[in-house]
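Topology and contacts: notes
Listed here are the chains, written in short residue letters.
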Amino acid sequence: MTAARSFISTALWFIAAGIIFSMPGLAYLAVIPMTVLAVGLLADPPEGISVERELVKTNLRVGEELRVSVRLKVRRGLGFVVIRDALPEEFALVDGSNVRAFFKGPRELVVEYEYVIKPAKRGRYRIGRSEVMGYHVFGLKPSRWGVFGEETYLSVLPRVSLPKRTRTPVTKSQIPIPVTSVSIRGVASTDFREIREYRAGDPVRFINWKASARKGEVLVNEFEKEGKKTVLFIIDATGSKVGSSVENPLEYSIQLVSSLAYYFTKRNYNVGLYVVGHGKLILPATGSKQLYILVKTLLELEEVEVEKEDFVRAVEGLKHVLIRYTPLVIYVSNLLPERLAEVREGIRRLRPIYRDKRLPMLVFDVSTYSLLEREVSSLILLEKRALRHDLLRAGVYSILWDPTREDVTSVVTKTVRLIR
C-alpha cells in the first residue's frame, strides 16, 4: 500500500504546514489527497474482461502477410489495461503492434485494433490466448493478470514459386525423363519437346516448315504426351548446421521442392518424395491430393540431429521404387567435399536400373555459405565448383544454387527448361 501511504503523508504534510505557518487554507488542502484516496479505495482494478481475436485465414505461405483483428471489452473497474499477444519468434511484426495499452474510465471500455504479421519459416504455430493486465488507477490495489480469448493455430506452408514463361530453345533435353516412365498413350499437349525427323504417320500440322527448309529434310515438332511421367524427389534432411533457423539449406531445399512438385503435379506428372535421414517415403502419384500429402510432409519436416542414413542407403532402400517407376531423380542437398564419395557411390548404384546413356538425375547443391565471411565463402565456393565438375564427369548434371543471390523462381525456370 505504498500509494496509500503517499496520499496520507501528503494530507498530513498539508495539515502540519497549515498549523506551523498558521495558514488554515493550507490545512484544508489535505481534503484533496484524502478524497482521492477514498475514491481510489472504492474503485477496483479493471475486470470483467473479454477478448475476441479474428484472423482472415489460418493457412498461409512463408512471406505472406496476415492481418489480425482484436476486440477488447472491459466492463468494470478503473485504471489502465495492457493487452499482449505473444507471437512465435518466426513471425515478424509488419504493421501495428501486438502490445497495446488503454485507459478504462467509469464507462465500459470497448476497443478494436489490428496488427499485421508475416511468417519467415514454414511450420505449424500457435498464438496463445491474449494476456491482459489491469492496473488500478492510483495503484492502491494489486494489479490483476489473466489470459482471455481463444488460442489460434496457424499452418505456414512453404512458398511456391512458378517458373517464368520463356520460349524453349530448339535443343534436345539435357536431362530427359526415361522413356519407360512415360505413358505412350494420350493426345499431344501444348508443351514443346523437340524437333525431330518426320516419321510415317506424323500429322501434317506438326511439320516445322522453317526448320525443314533450313535442314533440307522434313522435320516435325514433337510435343509432350498427356501421359504420366514420374519424378522422384530425394531431399537431404541430415543437417549441415549452416545459417540460421530461417535461412539454411534445408529450408531453401523445401521451398525448391515444393515449387517443383507443384509444377509437375499440375502437369499430370507422377511425383514422389523420399526424405534422407527420416526414411520417409511417399510413393509417386499425381493430382491435388498427392500435392497436399507432399506439402504436408514438407511442412512438418525437421532437421535430423544424428545422421543414421546417407544417400547410398537411401538408393538401396528405394530400389523397388526406382525399378517400378524408373523416374527422373532430383536430389537436393548441401553437398560437402567429404560426402562426394557417398554421392558417387549412390550414382553408381543407380546406373544398373536405367538403360539410357545419360543418367536421368539432377542434383541441386543448395549453398548458403555466402552468409559467412567473404574469405570463407569464396573458398567454399571454389570447392563446390570442383564438386560440380566431378559430378559432370560422373555423367550427372548438377546446379549450384545460392538462394541469397538467386531467387527460387529463376532456379525453377532453369530446371523446367532442362527437363523434358
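The chain carries the name DUF58 domain-containing protein in an unreviewed UniProt entry, which gives Thermococcus aciditolerans as its organism.

So, the overall build of the chain
What the chain contains, in helices and strands, is 11 helices and 19 strands. Looking at the chain as a whole, 47% of its 420 residues are labelled buried. Contacts spanning at least 24 positions in sequence make up 73% of the contacts within the chain whose residues lie at least 6 apart. Of the roughly 22,600 Å² that the chain leaves accessible, carbon and sulfur atoms contribute 54%.

Here's the deal with the sheet that holds strand S11 (residues 152-157)
With respect to topology, 3 strands assemble into an open sheet ordered S2-S11-S8, the strand pairing being mixed. In the strand order of this sheet, the two ends are held by strand S2 (59-61) and strand S8 (123-127), each with one partner. Pairs of neighbouring strands in the sheet enclose a mean axial angle of 30°, with direction left out of account. In this sheet, S11 lies alongside S2 in parallel orientation, the contact comprising 3 bridges. What sits directly across from Arg61, in S11, is Leu157.

Notes on unusual backbone geometry
Although it is not a glycine, Asn268 adopts a positive phi angle of roughly 65°. Topologically, Asn268 is positioned in the loop between helix H5 (249-266) and strand S15 (270-276). A relative accessible area of 31% places Asn268 in the partly exposed class. One non-glycine residue with positive phi stands out, namely Thr326, at about 40°. With respect to the secondary-structure elements, Thr326 resides in the loop between helix H8 (319-325) and strand S17 (328-333). You can call Thr326 buried: its relative accessible area is 11%.

Observations regarding the pairing of strand S16 (residues 280-285)
Two elements, S15 and S16, share 4 bridges in a ladder whose sense is antiparallel. Paired with Leu273 across the strands is Ile282, a residue of S16.

As for the pattern of salt bridges
The final tally for this structure, using the stated rule, is 22 salt bridges. Salt-bridge contacts for Glu47 lead to Arg76; the nearest nitrogen and oxygen are separated by 3.7 Å. One end of the pair, Glu47, is in strand S1 (residues 47-55); the other, Arg76, is in strand S3 (residues 66-76), with 29 residues separating them in the sequence. Judged by its relative accessible area of 45%, Arg76 falls in the partly exposed class. Close ionic contact of Glu406 with Lys414 constitutes a salt bridge, the shortest N to O distance being 3.4 Å. We classify Glu406 as partly exposed; its relative accessible area is 22%. For Lys414, a relative accessible area of 35% puts it in the partly exposed group. Each of the salt bridges in this network shares a partner with another, and the network as a whole consists of Glu316, Lys319, Glu345, Arg348 and Arg349.

Overview of the environment of Glu151
Within the fold, Glu151 resides in the loop between strand S10 (144-148) and S11. Each C-alpha atom of the pair Glu151 and Arg126 lies 7.0 Å from the other, and the pair is 25 residues apart in sequence. Ignoring sequence-local partners within four residues, the contact set of Glu151 consists of Arg53, Arg126, Ile127, Gly128 and Arg129. Here the side chain of Glu151 touches Arg126 through a polar contact of 2.9 Å, side chain to side chain. Engagement of the side chain of Glu151 in a polar contact is seen with the side chain of Tyr153, the distance being 2.8 Å.

With respect to the sheet that holds S1
The 4 strands lie next to each other as S1-S3-S7-S5, forming an open sheet whose pairing is antiparallel. Of all strands in the sheet, those bounded by a partner on one side alone are S1 and strand S5 (91-96). On average, adjacent strands in this sheet sit at an angle of 30° to one another, irrespective of strand direction. As paired strands, S3 and strand S7 (residues 109-119) are joined by 9 bridges and run antiparallel to one another. Within the sheet, the bridge partner assigned to Leu72 lies in S7 and is Val111.

Rules of the game
Residues numbered from 1 in each chain as written. Predicted model: local features only at pLDDT ≥ 70, side-chain atom pairs only at ≥ 80, totals over all residues. Heavy atoms only, no water. Helix = DSSP H or I, 4+ residues; strand = E, 2+ residues; numbered from the N terminus. Buried < 20%, exposed > 50% of the residue type's maximum accessible area, 1.4 Å probe, protein only. Contact = heavy atoms within 4.5 Å. Areas by Shrake-Rupley, 256 points an atom, 1.4 Å probe, with all protein chains shown as cover. Pairing = 2+ DSSP bridges. Axes fitted to C-alpha atoms, helices over the stretch in contact; angles between N-to-C directions. Salt bridge = Lys/Arg side-chain N within 4 Å of Asp/Glu carboxyl O. Polar contact = N/O pair within 3.5 Å; in protein donor to acceptor, adjacent residues only side chain to side chain.

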